[in-house]
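# Reading the structure
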Amino acid sequence: MEQAQLILITGGGRGVGAATARLAAAQGYDVAISFISNESAALAVVHDVEAVGRRALAVRADSADPKQIAQLFAAIDQKFGRLDVLVNNAAIIAKQSRLEDLEFERMQRIFAVNAIGPILCAQQAAKRMSHRHNGRGGVIVNISSAAARLGSPNEYIDYAASKGALETFTTGFAKEVAREGIRVNCIRPGHIYTEMHASGGEPNRVDRVKDTIPLGRGGQPEEVAKAILWLASSEASFITGTFLDVTGGK
């Protein structure tokens, strides 16, 4: 029996990452996730993946740390021996603030996790997927944000800028590896009901802004997960370097 495809989702313990992990398992993928602090949430995802008969692995790894990223991929090599899809989902925001009040350390950390982290992960993935390295090909889906288009004034300018960097990386890397069997695309979620908003100091942010969304509501993590897994699938085989907004029209 042929081994199932393996999907790695960074930041897979909560929110969009966890929803993607559970949906991927339901679609037949084996699932690896990274997490940084909430081990119980990550283990709950592992339990749910295994409950539908798929293999699962959760690894604690800070995506801003190249050593931890190398260890994450080594653990995947050891357990699964393959990598088919990378979802660069791990990201952070900090408390809502105007630009002049942002601290340097905050900016550094946000760019390290949200922009450099996905580049480090894509670097490791390419070494395993690329035909240049005798890989079987693969798919990378970067998770940006509508903030990259909108700029997040008065709230998260540094976060928005880090996602803008991720989008430019998507464009360049997609072209770089297009002839090597790797497709690279990007999802821009809008206002989604996840725990991330609490990190910015406003847990009910989606409800506050939902009237500004043309569809009149916030999105669910599962709605983003479906878009991610569609881009990862053979149904999207002629799509690379593309951005898909999952924003309710905003």
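See the structure printed just above.
Note that the coordinates shown come from a computational prediction; the quantities given were computed from them, not determined experimentally. (Residues numbered from 1 in each chain as written. Predicted model: local features only at pLDDT ≥ 70, side-chain atom pairs only at ≥ 80, totals over all residues. Heavy atoms only, no water.)

## Topic: helix α4 (residues 104-129)
In an α-helix, one turn spans 3.6 residues, which is why side chains three or four residues apart end up on the same side. For clarity, the threshold we go by: Working definition: helices are DSSP H or I runs of at least four residues, strands are E runs of at least two. Numbering for both runs from the N terminus. Given the number of residues in a helix, its expected span is that number minus one, multiplied by 1.5 Å. For a residue, the bend is simply the angle between two axes, fitted respectively to the seven-residue segment ending there and the seven-residue segment starting there.
Taking 1.5 Å per residue, 26 residues should reach 38 Å; α4 reaches 36 Å between its end C-alpha atoms and fits that length. I116 marks the point of greatest bend in α4, at about 40°, and the proline P118 comes within the next four residues.

## What about the pattern of salt bridges?
Let me state the cut-off plainly: Salt bridge criterion: a side-chain nitrogen from Lys or Arg within 4 Å of a carboxyl oxygen from Asp or Glu. When a residue's accessible area, from a 1.4 Å probe over protein chains only, is under 20% of the maximum for its type it is buried; when over 50% it is exposed; and in between it is partly exposed.
According to the stated counting rule, one finds 16 salt bridges in the structure shown. D48 is paired through a salt bridge with R22; the nearest N and O atoms lie 2.6 Å apart. In this pair, D48 sits in helix α2 (residues 39-51) while R22 sits in helix α1 (residues 15-26), placing the two residues 26 residues apart along the sequence. What makes D48 partly exposed here is its relative accessible area of 30%. Overall, the relative accessible area of 35% leaves R22 in the partly exposed class. Residue R149 pairs with D245 through a salt bridge whose shortest N-O separation is 2.7 Å. Highlighted residues: R149 in helix α5 (residues 147-150) and D245 in strand β7 (residues 243-246), separated in sequence by 96 residues. Given the relative accessible area of 30%, D245 is considered partly exposed. Within the structure, one salt-bridge network assembled from shared partners comprises R149, E167, R188 and D245.

## Re the packing of α4 against helix α6 (residues 157-177)
The cut-off we apply is this: Axis definition: a line fitted to C-alpha atoms, over the contacting stretch in the case of helices. Angles run 0 to 180 degrees between N-to-C directions. Note that the term roughly parallel is reserved for angles under 35 degrees, roughly antiparallel for angles over 145, roughly perpendicular for angles of 65 to 115, and oblique for everything else. By definition, any crossing whose near helix is turned counterclockwise from its far helix by less than a right angle is left-handed, and any crossing with a clockwise turn is right-handed. A contact between two residues is defined here by any heavy atoms of the two lying within 4.5 Å. Residues are grouped as follows: Ala, Val, Leu, Ile, Met, Phe, Trp, Tyr, Cys and Pro are nonpolar; Asp, Glu, Lys and Arg are charged; all remaining types, including Gly, are polar.
It is the contact of α4 with α6, at a shortest axis distance of 8 Å, that shows an interaxial angle of 20°. Taken together, α4 and α6 sit at an angle that is classed as roughly parallel. Once α4 is placed against α6, the crossing between them reads as right-handed. Only D158, Y159, A161, S162, A165, L166, F169 and F173 of α6 make contact with α4, whose side of the interface consists of R106, M107, I110, F111, N114, A115, P118, I119, A122 and A126. Considered class by class, the residues forming the contact of α4 with α6 number 14 nonpolar, two polar and two charged.

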